[in-house]
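Fold and geometry: a report
Here is what each chain is made of, one letter per residue.
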Number of protein chains: 2
Amino acid sequence: MNLYRVAILSIGNEVLSGDTLNTNAAWIAARCTASGAQVVEQRTVPDSVDAIVTTLRELRARCELVITTGGLGPTHDDCTVAALLELFGDHLVLDEPTLKRLEAYAAERGRQMTDRLRSQAMIPSTARVLPNPIGSAPGLFIEGRDDAAAIMVLPGVPREMELIMEQSGIPLLTRALVQRGSDILAERVLLTGGIPESVLADRIEPFRQQLPPEVELAFLPSALTVRLRLRAMGPASTVQSLLDDAVALLTPAIGPALLSDRDERLVEVLQREFCQRGKTLTVAESCTGGMLGAEITSVPGSSAYFLGGLICYADSVKIHFGGVQAETLARHGAVSQQTVEELASYIRAVYGSDYAVAISGIAGPGGGSSDKPVGTVWIAVADQHQCHAQRYSFGSDRHQNRVRACAAAMLMLIERLRAIDG
Amino acid sequence: MNLYRVAILSIGNEVLSGDTLNTNAAWIAARCTASGAQVVEQRTVPDSVDAIVTTLRELRARCELVITTGGLGPTHDDCTVAALLELFGDHLVLDEPTLKRLEAYAAERGRQMTDRLRSQAMIPSTARVLPNPIGSAPGLFIEGRDDAAAIMVLPGVPREMELIMEQSGIPLLTRALVQRGSDILAERVLLTGGIPESVLADRIEPFRQQLPPEVELAFLPSALTVRLRLRAMGPASTVQSLLDDAVALLTPAIGPALLSDRDERLVEVLQREFCQRGKTLTVAESCTGGMLGAEITSVPGSSAYFLGGLICYADSVKIHFGGVQAETLARHGAVSQQTVEELASYIRAVYGSDYAVAISGIAGPGGGSSDKPVGTVWIAVADQHQCHAQRYSFGSDRHQNRVRACAAAMLMLIERLRAIDG
């Protein structure tokens, strides 16, 4: 296999000390992997010329491209450019287009053009600029040689790094891969829900064995869903049809647990299912406290089906605004089939939506009992004709219990929609 | 300064390819830094004996301790132990206490004691076990020599890694630091809110200059809040009082923007302020769709002050359940002072809480106009006597706009509570 190897070097004391989570390295690695490159190493070093020079020397001998992030700003901490000058015995030159862009950048923000800002237009003579559309520090690119990798230098601010990569970095990488005739990596994702990873694995095992060896299958589980990721590496002319065949092989084996044949979030599937049918939704949330509404409205366009609903954290709110009988609470408790059924039916009828979902549970850490331990959650879905409730037993972690309750509610809704409204 | 240098080595193809965000490295780095050790490098390498051996050789020459995560499981991918054997020319021995623990582990889960599980009790003869209280793979520790660092070997599952570190790893590290007479790092955090980082920096600049050189001040901004972090490195006998003096110096300069002298979340301050005064809260959320309620109820004990409220995403819900006049919407629009004031006043009165907060805004990407561009958010806080509204102009990112709206609402509530209820 003809590999194009990439190393990722993160520069910055704040990453090294653990103050900042290194999301940049994962983002770059995922994009490089998806482009067909092989990430062979990631490193983080301090804002130190010596550390950067030493590390660049080591990494350049091990790969075709080193991508660095961080240390490009205008303050005394930032020493990535100084390290490049030392590594190459190079000097700074003024880059006129960058200077023009910085002048416009300052003018837009009503700022003076300071020496400090102007210094960002000085770049190593061996480098060329990868323009930064939203920030002051430009990206840089230095060509590789036979015995030493190319270097792509990016700022550490995630959004700036991402835009430079999208606009300049990934196209450069793709061109390099094509020039080398490297194999490409193709990927398909199947989103499944409501079926444990081990059951899913058993169900598709006989079909998995029929997959050609070039196709790699991975199970990526998250709250109540599992992503099946199919990857194939090979010549561009053949990998796509390999994956199409693999998807066609696995789809019948997955059955109704298949939620989507795209790599998308559960809430995006929910939105599409509702919008396709022109149906509307309301919610009544107790232990999730608004988390399901927040998840639903995180997707642009959610107003096409989501009307809103009730956060009924206190029992008084359940009774006075959620249609729950005081007697129901007294007899069965707030976390019960009766309570969520009364909530879902009432909210649906009164708010006038096609569907309503109600969630009530014991998120923890307190509030559990032997009957209803922490992690017990009741969820009901009401439509025009009926109301269907289900009990779940999640774990002991408050956050995980709330996240799973939201996922379970979305899965129940999708299932009802598909069953009733075809 | 007497430094104890640590390198962190993450092992795993899934981290390298960007499928998994490397939260382990940040967690370990933060804990090591807080203990007074200096993290000098972080690396990620593939599940490959060669790569692990080469990297361990390089790193052991540069520090006093290498901490590895990942590659400890029982499958063919996992090769960290094989790498240790090769590095030290070592062989495996059976660790009886681990075998006993694994037998109990299998019994608890109703599983057979398989060869695969038993293999987890075989450890390198030079290593000692750091027990894993919740998983099957034990941690390992290999003492350092004068010319080569000690190695601490941890599983990649975050919760297992964290528990082994808490129970065994950090105590080992602390003992090593004490034995060397290393300086310790002490830290204090002041949480400020409602004041931009640059204004805060200007306000405290004269005081910052009076700080002793051992005290390092950092500004850590997030949505509408800034954490001021004070760190001092030095002998255990003196650093704490250095920081006490620094806090006493800065506190008056920060003034009312000081929310807390502990490192806590804004929502935790909100909960304490409400609970101390015995007051209750309800919400009416439009553009945030439940996100504020979800944030509030993420903290255990929130039921002591939070009753719930309304998710009024659709205008019909604002009118029929939020007390907004149809005429108000027609004349001023859903994102207006009038709408949020009507919402907050109505919800407070009808739900019977001491305070209510209402949020309505244009989160984006669609829905903006020249009058009310994306990022425009109105927030109102109502109490028994009055209702106070404020307009905010955030940015263009939907998620950030919603997060900032929630932070702004919490800041307004804290300000009103402190002003009215002392």
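Preceding this paragraph is the structure being described.
Throughout what follows, the structure given in this document is the object of discussion. (Residues numbered from 1 in each chain as written. Chains lettered and ligands numbered in written order. Predicted model: local features only at pLDDT ≥ 70, side-chain atom pairs only at ≥ 80, totals over all residues. Heavy atoms only, no water.)

**Thoughts on the sheet that holds strand β12 (residues 258-260) of chain A**
Residue and element names in this part refer to chain A. Read across the open sheet, the 4 strands follow the order β10-β11-β9-β12; overall the sheet is antiparallel. The open sheet has two free edges, formed respectively by β10 (215-222) and β12, since each of these has just one partner strand. This sheet shows a mean twist of 35° between the axes of neighbouring strands, independent of strand direction. One ladder, built from 2 bridges, connects strand β9 (residues 184-193) with β12; its direction is antiparallel. Along β12, the bridge assignment pairs Leu191 with Ser260. Helix α9 (residues 236-254) contacts β9, β10, β11 (225-234) and β12 of the sheet and is inclined by roughly 15° relative to β9. (Pairing = 2+ DSSP bridges. Helix = DSSP H or I, 4+ residues; strand = E, 2+ residues; numbered from the N terminus. Axes fitted to C-alpha atoms, helices over the stretch in contact; angles between N-to-C directions. Contact = heavy atoms within 4.5 Å.)

**A short note on empty space enclosed by the protein**
Under the criterion given, the structure shown has 1 cavity of 30 Å³ or more. In this structure, the largest cavity occupies an estimated 160 Å³ of space. Residue lining of the largest cavity: 20 residues in total, with Asn22(A), Gln42(A), Asn22(B), Gln42(B) and Thr44(B) positioned closest to the centre. At the level of secondary structure, the elements contributing two or more residues to the lining of the largest cavity comprise β1 (5-11), α2 (23-35) and β2 (38-45) of chain A together with α2 (23-35) and β2 (38-45) of chain B. Counted by class, the lining of the largest cavity contains 8 nonpolar, 10 polar and 2 charged residues. (1 Å grid on protein atoms, 1.4 Å probe; cavity = no way out; pocket = protein on both sides within 12 Å on 5 of 7 lines; lining within 4 Å. Points joined across faces, edges and corners; volume = space filled by probe spheres on them. Nonpolar A, V, L, I, M, F, W, Y, C, P; charged D, E, K, R; others polar.)

**Details of the state of the cysteines**
A covalent bond between the sulfur atoms of two cysteines is what we call a disulfide. Summed over all chains, the structure comprises 0 disulfides over all chains. In this structure Cys275(A) is not part of a disulfide, and its nearest cysteine sulfur, from Cys406(A), lies 19 Å away. Looking at Cys275(A), the relative accessible area reads 34%, which means it is partly exposed. Take Cys387(B): it sits in no disulfide, and the sulfur closest to it among the cysteines is that of Cys312(B), at 13 Å. (Disulfide = S-S within 2.5 Å. Buried < 20%, exposed > 50% of the residue type's maximum accessible area, 1.4 Å probe, protein only.)

**Comments concerning the sheet that holds strand β10 (residues 215-222) of chain B**
Residues and elements named next belong to chain B. Ordered by their spatial adjacency, 4 strands build an open sheet running β10-β11-β9-β12, and the pairing between neighbours is antiparallel. Lying at the two open borders of the sheet, with one neighbouring strand each, are β10 and β12 (258-260). Strand-to-strand twist in this sheet, taken as the mean axis angle between neighbours without regard to direction, amounts to 35°. In terms of strand pairing, strand β9 (residues 184-193) meets strand β11 (residues 225-234) through 10 bridges, oriented antiparallel. Following the sheet pairing, Thr192 is matched in β11 by Val226. Where helix α8 (residues 197-208) meets the sheet, it contacts β9, β10 and β11, and its direction lies at approximately 165° from that of β10. Sitting on the sheet, helix α9 (residues 236-254) is in contact with β9, β10, β11 and β12, with an inclination near 15° to β9.

**A word on the pairing of strand β15 (residues 355-361) of chain A**
All names here are of chain A. Across the 7 residues that make up β15, a large majority, 7, are buried. Judged from the 5 bridges that link them, strand β13 (residues 281-285) and β15 form a sheet pairing that is parallel. Each residue of the ladder has a partner; that of Val283, found in β15, is Val357. Bridge analysis of β15 against strand β16 (residues 376-382) gives 6 bridges, and the strand direction is antiparallel. Counted as the bridge partner of Val357 is Val381 from β16.

**Thoughts on the interface of chain A and chain B**
Opposite the 55 residues of chain A that make contact, chain B presents 54 residues. Both faces considered, chain A and chain B share a buried interface measuring about 4000 Å² in area, 56% of it formed by carbon and sulfur atoms. Close ionic contact of Glu41(B) with Arg43(A) constitutes a salt bridge, the shortest N to O distance being 3.5 Å. Inspection of the chain A/chain B interface yields 34 residue pairs in polar contact (both at pLDDT 80 or more). Considered class by class, the residues forming the side of chain A that touches chain B number 27 nonpolar, 18 polar and 10 charged. (Buried area = accessible area lost by both parts, 1.4 Å probe. Salt bridge = Lys/Arg side-chain N within 4 Å of Asp/Glu carboxyl O. Polar contact = N/O pair within 3.5 Å; in protein donor to acceptor, adjacent residues only side chain to side chain.)

**Overview of the pattern of salt bridges**
In total, this model carries 50 salt bridges over all chains according to the counting rule given. The partner of Asp19(A) in a salt bridge is Arg229(B), and the shortest N-O contact between them spans 2.5 Å. With Asp19(A) in the loop between α1 (13-16) and α2 and Arg229(B) in strand β11, this residue pair bridges two chains. With relative accessibility at 35%, the residue Asp19(A) sits in the partly exposed group. Since its relative accessible area comes to 6%, Arg229(B) is described here as buried. Asp263(B) is the partner of Arg227(B) in a salt bridge, and the nearest nitrogen-oxygen pair spans 2.9 Å. In this pair, Arg227(B) sits in strand β11 while Asp263(B) sits in the loop between β12 and α10 (266-277), placing the two residues 36 residues apart along the sequence. Note on Arg227(B): relative accessible area 17%, which makes it buried. Each of Glu41(A), Arg43(A), Glu58(A), Arg62(A), Glu41(B), Arg43(B), Glu58(B) and Arg62(B) takes part in a single network of salt bridges with overlapping partners.

**Re the nonpolar core**
Generally speaking, nonpolar side chains in soluble globular proteins are found buried as a group. Core analysis: the biggest nonpolar cluster contains 78 residues, and Leu281(A) and Leu281(B) have the highest contact counts within it. Not counting residues up to four positions away in its chain, the partners in contact with Leu281(B) are Leu270(B), Phe274(B), Ile296(B), Tyr305(B), Phe306(B), Leu307(B), Gly308(B), Ser353(B), Tyr355(B), Ala356(B), Val357(B) and Leu413(B). Among the nonpolar cores identified, the runner-up in size contains 43 residues, and Val317(A), Ala344(A), Trp378(A) and Ala380(A) belong to it. (Core = buried A, V, L, I, M, F, W, Y, C linked by side-chain atoms within 4.5 Å.)

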